[in-house]
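Coordinate inspection notes
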Protein chains: 4
Amino acid sequence: MSDVKKVVLAYSGGLDTSVIVQWLKDTYDCEVVTFTADLGQGEEVEPARAKAEALGVNEIYIEDLRETFVRDYVFPMFRANTVYEGEYLLGTSIARPLIARRLIEIANETGADAIAHGATGKGNDQVRFELGAYALKPGVKVIAPWREWDLNSREKLMAYCEERNIPVDFSTNKKKSPYSMDANLLHISYEGGNLEDPWEEAEEDMWRWSVSPEAAPDQPTYIELTYERGDITAIDGQPMKAHEVLSHLNKVGGENGIGRLDIVENRYVGMKSRGCYETPGGTIMLRAHRAIESITLDREAAHLKDELMPKYAKVIYNGYWWSPEREMLQVAIDNTQDVVNGVVRLKLYKGNVTVVGRKSDDSLFDASIATFEDDAGAYDQKDAEGFIKLNALRLRIAATKGRGE
Amino acid sequence: MSDVKKVVLAYSGGLDTSVIVQWLKDTYDCEVVTFTADLGQGEEVEPARAKAEALGVNEIYIEDLRETFVRDYVFPMFRANTVYEGEYLLGTSIARPLIARRLIEIANETGADAIAHGATGKGNDQVRFELGAYALKPGVKVIAPWREWDLNSREKLMAYCEERNIPVDFSTNKKKSPYSMDANLLHISYEGGNLEDPWEEAEEDMWRWSVSPEAAPDQPTYIELTYERGDITAIDGQPMKAHEVLSHLNKVGGENGIGRLDIVENRYVGMKSRGCYETPGGTIMLRAHRAIESITLDREAAHLKDELMPKYAKVIYNGYWWSPEREMLQVAIDNTQDVVNGVVRLKLYKGNVTVVGRKSDDSLFDASIATFEDDAGAYDQKDAEGFIKLNALRLRIAATKGRGE
Amino acid sequence: MSDVKKVVLAYSGGLDTSVIVQWLKDTYDCEVVTFTADLGQGEEVEPARAKAEALGVNEIYIEDLRETFVRDYVFPMFRANTVYEGEYLLGTSIARPLIARRLIEIANETGADAIAHGATGKGNDQVRFELGAYALKPGVKVIAPWREWDLNSREKLMAYCEERNIPVDFSTNKKKSPYSMDANLLHISYEGGNLEDPWEEAEEDMWRWSVSPEAAPDQPTYIELTYERGDITAIDGQPMKAHEVLSHLNKVGGENGIGRLDIVENRYVGMKSRGCYETPGGTIMLRAHRAIESITLDREAAHLKDELMPKYAKVIYNGYWWSPEREMLQVAIDNTQDVVNGVVRLKLYKGNVTVVGRKSDDSLFDASIATFEDDAGAYDQKDAEGFIKLNALRLRIAATKGRGE
Amino acid sequence: MSDVKKVVLAYSGGLDTSVIVQWLKDTYDCEVVTFTADLGQGEEVEPARAKAEALGVNEIYIEDLRETFVRDYVFPMFRANTVYEGEYLLGTSIARPLIARRLIEIANETGADAIAHGATGKGNDQVRFELGAYALKPGVKVIAPWREWDLNSREKLMAYCEERNIPVDFSTNKKKSPYSMDANLLHISYEGGNLEDPWEEAEEDMWRWSVSPEAAPDQPTYIELTYERGDITAIDGQPMKAHEVLSHLNKVGGENGIGRLDIVENRYVGMKSRGCYETPGGTIMLRAHRAIESITLDREAAHLKDELMPKYAKVIYNGYWWSPEREMLQVAIDNTQDVVNGVVRLKLYKGNVTVVGRKSDDSLFDASIATFEDDAGAYDQKDAEGFIKLNALRLRIAATKGRGE
């Protein structure tokens, strides 16, 4: 084993990462620093302290990163109307760069020379953690126990716990589930179990954050979202911080059966995988952001954003948040958002998010031009003829030469 | 006036285009050929014959183009998962190239030297008709009465009718509506009226094709769509022609409150406009096509499609169906669809289209690799380390040189 | 005629724009303000003053804009390695937005309500002037005499001069030429004459700025260009202002037979046109900028720049410098240039620009990794296996299912 | 070691791959099949037979693939005007997929279960060989000795030769060179040696295929290239097969000092590397193809090609020739080439390739429209006003709302 002195571990407090604490000590004979973050996953993080202490950890970091997470990662991503493969709102992907960053910062603070995480060797998360880590601290050693150890079955893991005296009830802090799950303020995800057959419908009791559309109220809920520079700053006139906005939208969205998604996606490591996601707030935000942009953004800027978006989504999905290409795309996107101000009115009803109104002091919608009524000369219809004629010129020349169908 | 001998008019049988018949004769002293197409707009087209005859038209074309429309225009477009500005399914845009083509073909058959249409000088449709016409017959004369005449108010139009003895009840074939509407098998659209204020919610009684989600049944409807080479060929195992598919999906979609859309869009002629759309079948098809692609399409082909899509959508929206760039994009898209075969299972419920299953003999989803369980060596997790290390190399070198944050 | 009180004219001092001065007065009964700019076209601009005075102009603007032109327009464009249609360095296109801006600023200063220019109705320049003008002063009236008047032949123009007493020797300030030419510090262009047959070779005596490669010195010239943030700030160690850099490179490039180009290009207004260009300095700068980027820019940032470049070039060519989409692209491009520092060494010889060396404190070239010799562990070749395996995974799964050739 | 029975080796006949023959037998106790291809590298391939026999190889494949190489790989690539990172003509990259394909085909013919190659673990070629192999035969075992063995120094290699009785004069079939070289009909490349310092100029005696511009003839050479569907089919009226075309252009190009390139490029495996290339024929073809396209291709098709090109180049550079995304791009590119017919006239002189004429029956250049002279009504200049007005509309509305600078 390479010469590791101290390692910062992304520690959830669950059984797996608790085993990793012990395994790191056994395998590398090194100190372990644990880092546990509240990203809004809906579980207490403070209990991780006692567990880490019980495992003999001396340096324990437990942090509430919810505001940072939403303000500096989720919101910038939503400015681009980001969707991966037409469907996925990148709930897991967007949390990884922040964790990678804190792991590295804590490594720098504590003098650690390595980081470790509990992601498997088949998924995207290992890539996201590690690309982030290498980009921020190029010489760091990364330890990915799931790629190294032989504790690949539940039985071996349990045997190891017994052998090393790790309290197995660590596993009970998560409700028993057949699914592999990940949660933060933006979403909760489910993989594995019966989802491994893409023809099989997800079971109703899998979903945790939202009621089904069927179970949602029979009356719609109306909300108004206030945008400033592309970000939501108030709901129904009530100013809120970034994470409060998302928290509120998750609540109202979940109550109205909004944000369930069931897809097969293409992982960066090369295989397809089935995933189910609940993203109530994010689903609302995507719709609403497009609506406020629809009246405030220039057409060509909007179209350029749309053309760049799939690449931007891929950059984030693949784990390149901390990269020059993400930065390039971000400045281009952010450059358009100064004028994205105003209010969007939405109707939420049994799974539906419907835009019913949008207004803005920065609106480019000009009723006097768009009108079907007399426009008092705001637009000269005769201009259209020249516009069409010159746009058609290349086609006409080609047709004259016998092209065209 | 230029020397026009015979003009083929896109004739709906409504008041406006009836006035145009007379105005063309008066203004150009030319013969008028009328062309009326059934594109699934939901109105009888045959009555247009008597009206045209009453207006003294000798050459009258009335055609059922529903199958052609869906098979050769709508379906190819849906292969690309085409959406304009993130929302609009291009229901009006996609009908125009077919009409343009038939206008030109009829002009060739009848020896006409001009075509005419009833689109205004502010909209996209004039552009779409005329670009198509010029691309297919470069020397054709195009007459756009709304850009030429002075009958710009209802009063003037009525006065003209009286003067020329045009039966005003021609106007009654469309239910009185404050909206400017367009319909075909893919959608019905609404503009104008109170929609000209984007903050004002569309009125419930505006919508014609779908019930509201609130009014939809309390029980979900499940359907299975069979895909062959990217197109739907059967519903619930029942083989159908293209237009039957769309017709069926419109019915079941509309009954379940699916496919309403309310947006502000950017027109090619430069202004923003508010439009409401009902696209029940199209909304279902978009979701379903992505689902069948999700298990059958290669990742990079799928991503390239996603990157090309906004451009393809823009090409169609702007009226360049009959262009080399559309053809280029189409062959690229179609090239990917040979493997897009299989079945998608959907749940329709009060406005929601939920994918609940997808299966295919061409599936690239490999449960033995994707599984969270033991994969029997199908995937070597250790490969991930090298994958990450080399993908990170450029970032690490840069960080070593002091870049990164 | 609409009610124009005062018009600012882009005035070259030549015959055509002198006629325009008179024609504007005659036609619009308005005051005329002339604006003449030194953009490095190689002619004195001061003589335009006497001519304008002779035509009765009271408000005469004559300005040296060379530094602004190169620093704020040419250099930003070269940061993107901008080339239109694979060949054209946009020498004419990039000067238009600056002229448009000054026309509008002078209109604002002098209280003019209109601007005018001498570009014809067939070219790109009318578009560039007018899009710029409208973007900067939306209510401005634009007068394009060549689109309005009937002085479309040399004879009519001469007759008008005689009638209005315009000294015809105004025409002699340009050496008689069969070509339509445009020049500024970036290039000189030729159109028309025998160039209208794309099979005919340009005549040697057409070219004005460069010697032919045959006539260039038999000894190469070596130069070193110093870059700071993507722009050249010194040549052979000698600090220079932006326009001095370009001026110097034009001289040394022209002497070495560099920068001639003969192409057929696609105009925005729809037709193809043949153009010949001399761009000695620009040709050197393009090569050199790519060279300095090759060692300092991250791969993915460089590739993203390359993917955006054709769009950026088109935006500039078509006249959308003053647009949100250009701004978006510019901030993305500029964001990458902070690290584009260093020195490029070039060999200039009979038309060839050869990069022979590049160095930078910001270099990402790492000889210890790239070396074919022993790299002392800087790179683990075994990582490549995992890298390839996972990149191949999707292809292998597809091949297993019988795809592949 | 895994259970390999028979391996097909890409065998050059040189020392390194001869050592690999022995090492494969020693290490895997397997049969070795050698495959040696003439791709126009300029060396006899037949001598490889005796060498392979001397090494005890029973199944020896020696093939002349020059025509296939140019017709099915080089020419399709040039249809896209493909350039990697603005400079590199992909001479090495484009040969790899053909070799990979033949390796796999031979494996299938001979019942081999593995392939092997002599590329190192730092370069792109390993990736290209292996991605191709996996895409065409997903279960194949790939052996890359340079990533596995410990013969990493010249000394160890020589010791191994002595020990295994491998004639060291095998090494003399390549002229002693400090550079790592690769050659085929498209180019010859140089890496390593003093090139590892990017500031150091390449030495004159490194170059093998071309004279220096200085040493080239003082008289220009004119040639005419005939294009059919985007490919060159005749030179100076003389019909030729694909590889004869390239061979001829290499000769005449090399004699005129054309095609030298010295760059720093970004490898797929993550580092930057310096490379020098001689691509005489390719340099001519790139220029000429753009010229014939300039008069025959529609503007928007040409621009779309330009936008797709960087991605297409990257796909090839990175080794994804045998992939769905390459196929998608290829059909789009090829779709445009039916009309790319005609003749290009070029002047070759001391390193310069100058287009001096182009003509085509499929030309879209229309002198009657483009002319500066009277066009007899072919183009109505007044159309330009409407064209500009509507294109400016969005900018004017924005400016009215206080945007713009």
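Scroll up a little and you will see the structure.
Our subject in this report is the structure included herewith. Bear in mind that the values here come from a model prediction, so they are computed numbers and not experimental data.

1. Digging into the interface of chain B and chain A
Facing the 102 residues of chain B at the interface are 103 residues of chain A. On the chain B side of the interface with chain A, the three residues burying the most area are B:Lys122, B:Trp199 and B:Lys272, jointly 9% of the side's total. Inspection of the chain B/chain A interface yields 14 salt bridges. Note that B:Glu214 is salt-bridged to A:Lys347, the shortest N-O span being 2.7 Å.

2. Things to note about the interface of chain C and chain D
At the junction of the two partners, chain C supplies 102 residues and chain D supplies 102 residues. Carbon and sulfur atoms make up 55% of the area that chain C and chain D hide from each other, which totals about 9,300 Å². Between chain C and chain D we count 14 salt bridges in total. Sort the elements by how many residues they give to the side of chain C that touches chain D and helix α13 (residues 383–400) of chain C lands first, with twelve residues. For the side of chain C that touches chain D, the class distribution of residues is 43 nonpolar, 21 polar and 38 charged.

3. A short note on the relation of the copies chain B and chain A
Note: a rotation about an axis with an accompanying shift along it relates these two copies of the chain. The operation relating chain B to chain A is a screw motion whose rotation component is 180°, with 0.0 Å of axial translation and a residual RMSD of 0.0 Å. Here the two chains are linked by the operation of a two-fold rotation axis. Most of the interface of chain B is mirrored in chain A, where 100% of its interface residues again form contacts.

4. Considering the pairing of strand β9 (residues 231–235) of chain B
Residue and element names in this part refer to chain B. Of all the five residues making up β9, four are buried; the element is thus mostly covered by neighbouring parts of the structure. With two bridges connecting them, β9 and strand β10 (residues 238–239) associate as antiparallel partners. Within β10, the residue paired with isoleucine 235 across the bridge is glutamine 238. Hairpin connection, β9 to β10: the antiparallel pair is bridged by two residues, and aspartate 236 has positive phi, about 50°.

5. As for the packing of helix α8 (residues 242–255) of chain A against helix α9 (residues 280–296) of chain A
Residues and elements named next belong to chain A. It is the contact of α8 with α9, at a shortest axis distance of 7 Å, that shows an interaxial angle of 100°. With respect to α9, the element α8 is oriented roughly perpendicular. Contact residues: α8 offers Leu246, Leu249, Asn250, Gly253 and Gly254, while α9 offers Pro280, Gly281, Gly282, Ile284 and Met285. For the contact of α8 with α9, the class distribution of residues is five nonpolar, five polar and no charged.

6. Focus on the environment of D:Glu244
By secondary structure assignment, the location of D:Glu244 is in helix α8 (residues 242–255). For the pair D:Glu244 and D:Leu185, spaced 59 residues apart in the sequence, the C-alpha separation amounts to 9.8 Å.

7. Quick look at α9(A)
If you check α9(A), its first and last C-alpha atoms are 25 Å apart, about what 17 residues at 1.5 Å a residue would give, namely 24 Å. Within α9(A), 14 of the 17 residues are buried, which leaves the element mostly enclosed by the surrounding structure.

Rules of the game
- Residues numbered from 1 in each chain as written.
- Chains lettered and ligands numbered in written order.
- Predicted model: local features only at pLDDT ≥ 70, side-chain atom pairs only at ≥ 80, totals over all residues.
- Heavy atoms only, no water.
- Contact = heavy atoms within 4.5 Å.
- Buried area = accessible area lost by both parts, 1.4 Å probe.
- Salt bridge = Lys/Arg side-chain N within 4 Å of Asp/Glu carboxyl O.
- Helix = DSSP H or I, 4+ residues; strand = E, 2+ residues; numbered from the N terminus.
- Nonpolar A, V, L, I, M, F, W, Y, C, P; charged D, E, K, R; others polar.
- Least-squares fit on C-alpha atoms with pLDDT ≥ 70 in both.
- Buried < 20%, exposed > 50% of the residue type's maximum accessible area, 1.4 Å probe, protein only.
- Pairing = 2+ DSSP bridges.
- Axes fitted to C-alpha atoms, helices over the stretch in contact; angles between N-to-C directions.
- Parallel < 35°, antiparallel > 145°, perpendicular 65-115°, else oblique.
- Expected span 1.5 Å × (residues − 1).

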